[in-house]
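# Summary of structural features
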2 protein chains.
Amino acid sequence: MKNERTPTVNAGALASVGRSRPRQRTSDRVYEELASAIRNVRLPPGASLSETDLAEQLHVSRTPLREAIARLVETGLVSVVPQVGTRVELIRLHDVEQARFVRENLESAAFATACEKPERDISGLRAILAEQRRYVEVHDLDAFFAADEALHARIFNISGYPGAWQIMQPMKMHLDRLRRLSLPDPDTVLGLIEEHTAIVDALEAGDVLGGRAHIRRHARRALDNGPALQAQYPGYFTE
Amino acid sequence: MKNERTPTVNAGALASVGRSRPRQRTSDRVYEELASAIRNVRLPPGASLSETDLAEQLHVSRTPLREAIARLVETGLVSVVPQVGTRVELIRLHDVEQARFVRENLESAAFATACEKPERDISGLRAILAEQRRYVEVHDLDAFFAADEALHARIFNISGYPGAWQIMQPMKMHLDRLRRLSLPDPDTVLGLIEEHTAIVDALEAGDVLGGRAHIRRHARRALDNGPALQAQYPGYFTE
DNA sequence: GCTGGTCGACTTGTATGCAAGGATTCCGAA
DNA sequence: TTCGGAATCCTTGCATACAAGTCGACCAGC
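Residues numbered from 1 in each chain as written. Chains lettered and ligands numbered in written order. Predicted model: local features only at pLDDT ≥ 70, side-chain atom pairs only at ≥ 80, totals over all residues. Heavy atoms only, no water.

### Quick look at the interface of chain B and chain A
Interface size is commonly expressed as the accessible surface area that is lost when the partners come together. Here is the rule: Two residues qualify as a contact provided that any one of their heavy atoms is within 4.5 Å of a heavy atom in the partner residue. When two parts are brought into contact, each loses some accessible area as probed by a 1.4 Å sphere; the total of that loss over both is the buried area. Think of a polar contact as two N or O atoms within 3.5 Å of one another; within protein, one of them needs to be a possible hydrogen donor and the other a possible acceptor, and neighboring residues in sequence only count if both atoms come from side chains. Put simply, DSSP H or I for four residues or longer makes a helix, DSSP E for two residues or longer makes a strand, and each gets a number counted from the N terminus. Three residue categories are used. Nonpolar comprises Ala, Val, Leu, Ile, Met, Phe, Trp, Tyr, Cys and Pro, charged comprises Asp, Glu, Lys and Arg, and polar comprises the others, including Gly.
Each side of the interface is counted separately: chain B has 29 residues, and chain A has 29 residues. Summed over both sides, the interface of chain B with chain A buries roughly 2,600 Å², with 66% coming from carbon and sulfur. If you look at where chain B meets chain A, you find 16 residue pairs in polar contact (both at pLDDT 80 or more). Contributions of two or more residues to the side of chain B that touches chain A are made by helix H3 (62-74), helix H4 (93-116) and helix H7 (162-182) of chain B. The element contributing the most residues to the side of chain B that touches chain A is H4(B), with 11 residues. Split by residue class, the side of chain B that touches chain A holds 16 nonpolar, 6 polar and 7 charged.

Put into structure tokens, the structure is as follows:
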């Protein structure tokens, strides 16, 4: 492998903008690539990752690849056993339930805080809702998923605790894989939009209790599909 | 630097048990060492870390050190600017406030859940409380700090959501540095014990509202000292 | 004295080579 | 046929060499 600092042919379009200042490191690019692949279940749970093979596929050496893997281990997305192998972590419903607890309570608290803000601006949320409906019509699940994230992030922004959303990101990856698996079901998608609408309505009305109930239902939806998905993809789960 | 796979002289006793199976990797050891040093403010905020120097001090090569640093970057404890340098992140009170929000709400929710458990066992908590009082008498702040962690972890255990505590760990590091700085103040320590006692009492009595109030006060205590600590250690803070 | 430019010492980023250990496979013997 | 053992392949872990960039100091010219 010759030195290819800026390969003209770069496998995989890079959606992320990248920090402007330091030209994005190879390590970072690899990390984004792998994390995205794992979240979208393009790299399915249980898939084994060979460092040498991956390095060759991504046209990088093992060093930056290993640093990316170290970060993925830190977030619990992959596990590496020293002289045995590296694999994408299986989905543990128990862990997902823990993540659900965290998300439900934080989002509930953020919602309550947001309701107290007299200057809260709902228009952005409405726009995202409309956007989501469009994505459903054209069956663009990935865009729908991204908009879903944006909507919840916005609620945290309004609450004044955007950091809480950021903090949840690594943990949420586990939840996201399950949600991504359950997305092909049309009923699920419609239900999600309905709940989103209800949440935004409650926020506009300042209805704390009602909104919390919707958030609670929203957060538990993914987990409800858990057993069915486990039956459908038995190899993706453990315990 | 000769190959020293298992150095006989290992700087710094390692409290963590370590996964039994794979003999702890050098990278892991380095990570624990650095993370602990940063949390205890032995490596103060703003300290610059030279990879070559650090590697020499720790008797390892740059490779495992860099992997440890990559993980520390992932948790936001250090920042590295490509051709400039690596430094321990300064304390941002804004970030600490975000962490406070997360901790207060999660702990509050866990407490409420724990109160519902009829079989909740308080004896362990009482034991930790007694332990903490002993540590105060002998002025062992680090042990006091560790016991503090153990107590809160136990509450999450009782609630049935130990994972929520685990999930908070990386974020809590930021909060911990502030708490560690405010620990030398005797009033602070006594206040902490008092609040702990009140929380445990409330848990025993099943007093959800009372307990939540104490937890709220407890979580905000560290932040209250923020401005004073910022005045005392101006170089440790930013923004 | 001040300013501009160049050189050098330092930083991190990447590639590669080798070492150590586990797992599988294949062959031989019972 | 079955069981045992050894060798080989494949895995990750670590160390080192080199590349690229940034910052600062020093010196020359104005």
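### A closer look at the nonpolar core
Nonpolar side chains tend to gather and get buried jointly when the protein is soluble and globular. Rule in force here: Residues enter a nonpolar core if they are buried and are Ala, Val, Leu, Ile, Met, Phe, Trp, Tyr or Cys, with the set joined through side-chain atoms within 4.5 Å. Burial classes follow relative accessibility: with a 1.4 Å probe on protein chains only, a residue under 20% of its type's maximum area counts as buried, one over 50% as exposed, and anything between as partly exposed.
A:Val102 and B:Val102 are the most contacted members of the largest nonpolar core, which totals 26 residues. Every element with two or more residues in this core is listed here: helix H4 (93-116), helix H6 (141-159) and helix H7 (162-182) of chain A together with H4, helix H6 (141-159) and H7 of chain B. If you look at the next biggest cluster of nonpolar residues, it comprises 21 residues, including B:Ala37, B:Ile38, B:Ala55 and B:Val88.

### Considerations on the side chain of A:Gln98
Looking at the secondary structure, you find A:Gln98 in helix H4. Assessed through its relative accessible area of 3%, A:Gln98 is described here as buried. In contact with A:Gln98, not counting residues within four places along its chain, are B:Gly160, B:Tyr161, B:Pro162, B:Gly163 and B:Ala164.

### Some points on the sheet that holds strand S2 (residues 78-81) of chain A
Filter applied, for reference: Here the rule is simple: two strands pair whenever DSSP picks up at least two bridges between them.
One open sheet accounts for 3 strands, arranged S1-S3-S2 (chain A); its pairing is antiparallel. Unpaired on one side and paired on the other, strand S1 (48-49) and S2 of chain A mark the two borders of the sheet.

### Points about H6(A)
Note the cut-off: What a helix is expected to span follows from its residue count: subtract one and scale by 1.5 Å.
Its 19 residues give H6(A) an end-to-end C-alpha distance of 28 Å, which sits within 8% of 27 Å, the value for a rise of 1.5 Å per residue. Where H6(A) ends, the next residue or the one after it, A:Gly160, has phi of about 90°, a positive value.

### Things to note about helix H9 (residues 208-224) of chain A
Along an α-helix, a turn takes 3.6 residues, which lines up residues three or four apart on a common side. All names here are of chain A. For H9, built from 17 residues, the straight-helix expectation of 24 Å at 1.5 Å per residue is met to within 8% by its first-to-last C-alpha distance of 24 Å. By the burial criterion, the buried members of H9 are Gly210, Gly211, Ile215, His218, Ala219, Ala222 and Leu223. The elements touched by buried residues of H9 are H4, H6, H7, helix H8 (186-205) and helix H10 (226-232).

### Side note on the pairing of strand S3 (residues 85-88) of chain B
Residues and elements named next belong to chain B. A one-sided burial pattern is seen for S3, the buried positions being Thr86 and Val88 and the unburied ones Gly85 and Arg87. As paired elements, strand S1 (residues 48-49) and S3 share 2 bridges and run antiparallel to each other. By the bridge assignment for S3, Ser48 is matched with Arg87. One ladder, built from 4 bridges, connects strand S2 (residues 78-81) with S3; its direction is antiparallel. From the neighbouring strand, Val78 faces S3, where its bridge partner is Val88.

### Brief notes about the pattern of salt bridges
Residue and element names in this part refer to chain B. The condition that has to hold: Salt bridges, as used here, are contacts in which a Lys or Arg side-chain nitrogen is within 4 Å of a carboxyl oxygen on Asp or Glu.
Under the definition given, this model contains 48 salt bridges over all chains. The salt bridge partner of Asp201 is Arg126, with a shortest N-O separation of 2.9 Å. Of this pair, Asp201 sits in helix H8 (residues 186-205) while Arg126 sits in helix H5 (residues 123-137), and the two are 75 residues apart along the sequence. Take Asp201: its relative accessible area is 35%, and that puts it in the partly exposed class.

### Brief notes about the packing of H5(B) against H6(B)
Residue and element names in this part refer to chain B. Quick reminder of the rule: Interaxial angle, 0 to 180 degrees, is taken between N-to-C directions of lines fitted to C-alpha atoms, where a helix line uses only the stretch in contact. These descriptions rest on fixed angle ranges, namely under 35 degrees for roughly parallel, over 145 for roughly antiparallel, 65 to 115 for roughly perpendicular, and the rest for oblique.
At their nearest, the axes of H5 and H6 sit 9 Å apart, and the two run at 170° to each other. As judged from the angle between their axes, H5 and H6 are roughly antiparallel. Judged by residue contacts, Gly124, Leu125, Ile128, Leu129, Gln132, Tyr135 and Val136 of H5 engage Ala143, Phe144, Ala147, Asp148, Ala150, Leu151, Arg154, Ile155 and Ile158 from H6. Tallied by class, the residues present in the contact of H5 with H6 amount to 12 nonpolar, 2 polar and 2 charged.

### Considering the domain arrangement of chain A
Residue and element names in this part refer to chain A. Rule in force here: An automatic or database domain assignment is the source of the domain bounds shown.
Domain annotation for chain A reports domain 1 (26-88) and domain 2 (92-233). Across the contact, 10 residues belong to domain 1 and 11 residues belong to domain 2. The junction of domain 1 with domain 2 conceals about 870 Å² of combined surface from both sides, 63% of it contributed by carbon and sulfur atoms. Among the residues of domain 1 in contact with domain 2, Arg39, Val41 and Leu77 are the three that bury the most area, contributing 59% of the side total. There are 1 salt bridge connecting domain 1 and domain 2. Salt-bridge contacts for Asp176 lead to Arg39; the nearest nitrogen and oxygen are separated by 3.6 Å.

### Some words on the environment of A:Gln98
With 68 residues separating them in the primary sequence, A:Gln98 and A:Gln166 have C-alpha atoms 17 Å apart. Of note is the side chain of A:Gln98, whose polar atom sits 3.4 Å from the backbone oxygen of B:Gly160.

### Looking at the packing of aromatic side chains
The line we're drawing: Pairing of aromatic rings covers Phe, Tyr and the six-membered ring of Trp, with a centre-to-centre limit of 6.5 Å; geometry is then stacked below 30 degrees between planes, edge-to-face above 60, and tilted otherwise. Consider the ring centre and the ring normal. A charge sits over the ring if Lys NZ or Arg CZ is within 6 Å of that centre and within 35 degrees of that normal.
Under the defined criterion, the tally for this structure stands at 6 aromatic pairs over all chains. The interplanar angle of 15° and the centroid separation of 3.9 Å between the aromatic rings of A:Tyr161 and B:Phe101 together place this pair among those described as stacked. Of this pair, A:Tyr161 sits in the loop between H6 and H7 while B:Phe101 sits in helix H4, which puts the two residues in different chains. With relative accessibility at 4%, the residue B:Phe101 sits in the buried group. Both rings, one in A:Tyr233 and one in A:Tyr236, keep their centres 5.2 Å apart while their planes meet at 0°; by these two values the pair is stacked. Just above the ring of B:Tyr31 sits the side chain of B:Arg71; from NZ or CZ to the centre is 4.0 Å.

### Considering the relation of the copies chain B and chain A
To keep things clear, this is the line we draw: Alignment of the copies relies on least squares applied to C-alpha atoms, considering only residues that score at least 70 for pLDDT in both.
Overlay of chain B on chain A (RMSD 0.1 Å): rotation 180°, translation along the axis 0.0 Å. The operation mapping one copy onto its partner corresponds to a two-fold rotation axis. Comparing interface residues between copies, 100% of those in chain B also lie at the interface in chain A; the contact surface is shared.

### Details of the confidence of the model for chain A
This is how it is decided: On a range of 0 to 100, pLDDT expresses the predictor's confidence in each residue.
For chain A, mean pLDDT is 88; residues scoring 70 or higher make up 90% of the total. A low-confidence stretch, residues 1-22 of chain A stays under pLDDT 50, and its non-local contacts, those more than four residues away or across chains, total 14 contacts.

### Digging into the packing of helix H1 (residues 26-39) of chain A against helix H3 (residues 62-74) of chain A
All names here are of chain A. The criterion, for reference: Helix crossings fall into two classes, left-handed where the near helix is turned counterclockwise from the far one by less than a right angle and right-handed where it is turned clockwise.
In contact at an axis separation of 8 Å, H1 and H3 are set at 50° when each is read in the N-to-C sense. Viewed along their axes, H1 and H3 adopt a mutual orientation that is oblique. Between H1 and H3 lies a crossing of right-handed hand. Counting all contacts with H1, which are made through Thr26, Ser27, Asp28, Val30, Tyr31, Leu34 and Ala35, the residues of H3 involved are Pro64, Leu65, Glu67, Ala68, Arg71 and Leu72. Considered class by class, the residues forming the contact of H1 with H3 number 8 nonpolar, 2 polar and 3 charged.

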